[in-house]
Structure formats: C-alpha cells, structure tokens
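These are the residues of each chain, in order.
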Amino acid sequence: SMKRVRVFQRGSLVLKVILAVSVAMLVAGIGWFSYAEQRREYWDDKVREMCAKEGAAVALQRVEIARGDAIPPTPDERYADAGAEYVSRWREEVIRPASPRVLRTEVTLIRVHDQKSLGRQIRYARIGGDPGFVDNPSTFSCRDIGIKSVESLIFSVKETK
C-alpha cells in the first residue's frame with residue numbers, strides 16, 4: 001500500500017509538471033501575440049506620421065484622359081516593355097528589414113517619349129509583423145490613410161463642354 005502511494009505521488013507530480021509547462025506555454029503565447037500586436041500598431045503609427053509629413057503626391061504636369069478611359073499603366077521602368085507610354089522609377093529605402101518590414105519608396109512617373117518627369121510621391125509601407133504564421137501578411141501604407149496616389153493626380157478626365 002506504501003508503494004501505491006508513491007506511484008500516485010509520482011503521477012501527481014508528472015501531472016503538475018505537465019500543467020505548469022502548459023500554462024507557461026500559454027502565457028508565453030499570449031505574451032508573444034500581445035507583443036507582436038503592439039509592435040505592428042507602433043509601426044502603423046510611425047507609417048501614418050511619415051505619410052502625413054511627406055506622403056503627398058506632387059503633380060508636375062497633368063495628362064488628360066478621355067472620360068471612360070482607364071488611367072494608363074505606369075509599369076516599373078526596369079520591367080516595362082518597349083511600347084510603354086509612361087513608366088515609374090522606384091527608389092526604395094528599407095527603414096526596417098525585419099518583421100514588420102518598413103519601406104520608404106520614392107516613385108517618379110515619367111513620360112517615355114521625352115523622358116519628362118510628370119510627378120512624384122514618397123510612399124511608406126509596413127509589411128507583415130503579424131502575430132503567428134500567416135501566408136499573406138497584412139500591410140499598412142499611405143493609401144490606407146486616404147493619401148491620393150500620384151497617378152490619380154497626374155491623369156485627369158477631360159471635361160466635356
């Protein structure tokens with residue numbers, strides 16, 4: 001009967017250890033989730049500030065498009081095909097390389113035939129930094145706070161009289 005008590009005590013100890021480890025893992029998981037959320041919110045606030053400070057688009061020249069026409073594509077000049085009328089030049093600066101990744105991108109729109117700069121914009125973005133493992137990381141950028149894109153300022157619909 002003394003043997004049975006020892007086995008029971010050992011079993012009880014194993015259960016207590018399993019319980020303690022489980023609780024510790026749960027607390028650590030909640031802590032990590034909370035930390036990741038706060039870090040993501042911190043960088044969203046930083047992106048919001050930087051966008052407000054210098055995210056406004058500057059149109060140097062306007063291009064009229066017919067009503068009903070789509071804004072012409074402005075592919076990255078490095079990958080644009082020969083027939084592109086307009087291209088964009090991207091200068092990217094990594095503010096934070098880790099998760100979340102934070103970028104500052106200077107975009108200049110160029111009319112190909114005369115290489116004239118039509119406008120530019122500085123864009124900031126936070127990519128990822130989500131708690132847990134996600135296939136499709138969340139993003140936050142100047143567009144999310146309603147800053148108009150340089151394309152929408154340059155290309156305007158021709159007013160019919």
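Residues numbered from 1 in each chain as written. Predicted model: local features only at pLDDT ≥ 70, side-chain atom pairs only at ≥ 80, totals over all residues. Heavy atoms only, no water.

1. Focus: the overall build of the protein
Inference 1: On a plain count of helices and strands, the protein comes out with two helices and seven strands.
Inference 2: From first element to last, N terminus to C terminus, the protein shows the α and β order α-β-β-β-β-β-β-α-β.
Inference 3: Along the first, second and third principal axes, the C-alpha atoms of the protein reach 100 × 35 × 30 Å.
Inference 4: Considering the protein as a whole, with its 161 residues, one finds that 30% of them fall into the buried category.
Inference 5: Considering only residue pairs separated by 6 or more positions, the protein has 59% of its internal contacts joining residues 24 or more positions apart.
Inference 6: Only carbon and sulfur atoms are counted for the fraction: they give 58% of the accessible area of the protein, which is about 11,300 Å².
Inference 7: Across the protein, the 27 positively charged side chains and the 21 negatively charged ones have centroids separated by 11 Å. (Helix = DSSP H or I, 4+ residues; strand = E, 2+ residues; numbered from the N terminus. Buried < 20%, exposed > 50% of the residue type's maximum accessible area, 1.4 Å probe, protein only. Contact = heavy atoms within 4.5 Å. Areas by Shrake-Rupley, 256 points an atom, 1.4 Å probe, with all protein chains shown as cover. Lys, Arg positive; Asp, Glu negative; His and termini not counted. Charge placed at Lys NZ, Arg CZ, Asp CG, Glu CD.)

2. A few points about the nonpolar core
Inference 1: Residues A57, V63, I65, Y86, V107, L109, L118, V150, I154 and F155 constitute the largest nonpolar core, which totals 10 residues.
Inference 2: Elements supplying a minimum of two residues to this core: β2 (63–65), β4 (101–111) and α2 (150–154).
Inference 3: For L118, the residues in contact, after removing those within four places along its chain, are V58, A59, L60, Q61, V63, Y86, L109, R111 and I154.
Inference 4: Grouped together as the second largest cluster of nonpolar side chains are eight residues, W43, Y124, F140 and C142 included. (Core = buried A, V, L, I, M, F, W, Y, C linked by side-chain atoms within 4.5 Å.)

3. Let's talk about the pattern of salt bridges
Inference 1: Taken as a whole and judged by the stated rule, the model has 13 salt bridges.
Inference 2: For the salt bridge of D130 with R40, the shortest nitrogen-to-oxygen distance reads 2.5 Å. A residue pair is termed long-range when its members are at least 10 positions apart, and D130 in the loop between β5 (116–127) and β6 (139–141) and R40 in helix α1 (residues 2–54) qualify at 90 residues. Neither residue differs from the other here; D130 and R40 are each classed as buried.
Inference 3: The partner of R48 in a salt bridge is D45, and the shortest N-O contact between them spans 2.8 Å. Taken together, the positions of R48 and D45, both in helix α1 and three residues apart, correspond to about one turn of that helix.
Inference 4: Given the relative accessible area of 40%, D45 is considered partly exposed.
Inference 5: Through salt bridges with shared partners, a single network forms among E54, R91, E93, R104 and E106. (Salt bridge = Lys/Arg side-chain N within 4 Å of Asp/Glu carboxyl O.)

4. Side note on unusual backbone geometry
Inference 1: In the segment running from S99 into P100, the intervening peptide bond is cis, with an omega of 0°.
Inference 2: Looking at the element boundaries, P100 is found in the loop between β3 (86–96) and β4.
Inference 3: Of note, Q115 is a non-glycine position whose phi angle comes to about 60°, a positive value.
Inference 4: You can see Q115 is positioned in the loop between β4 and β5.

That's the geometry; what it means functionally is another story.
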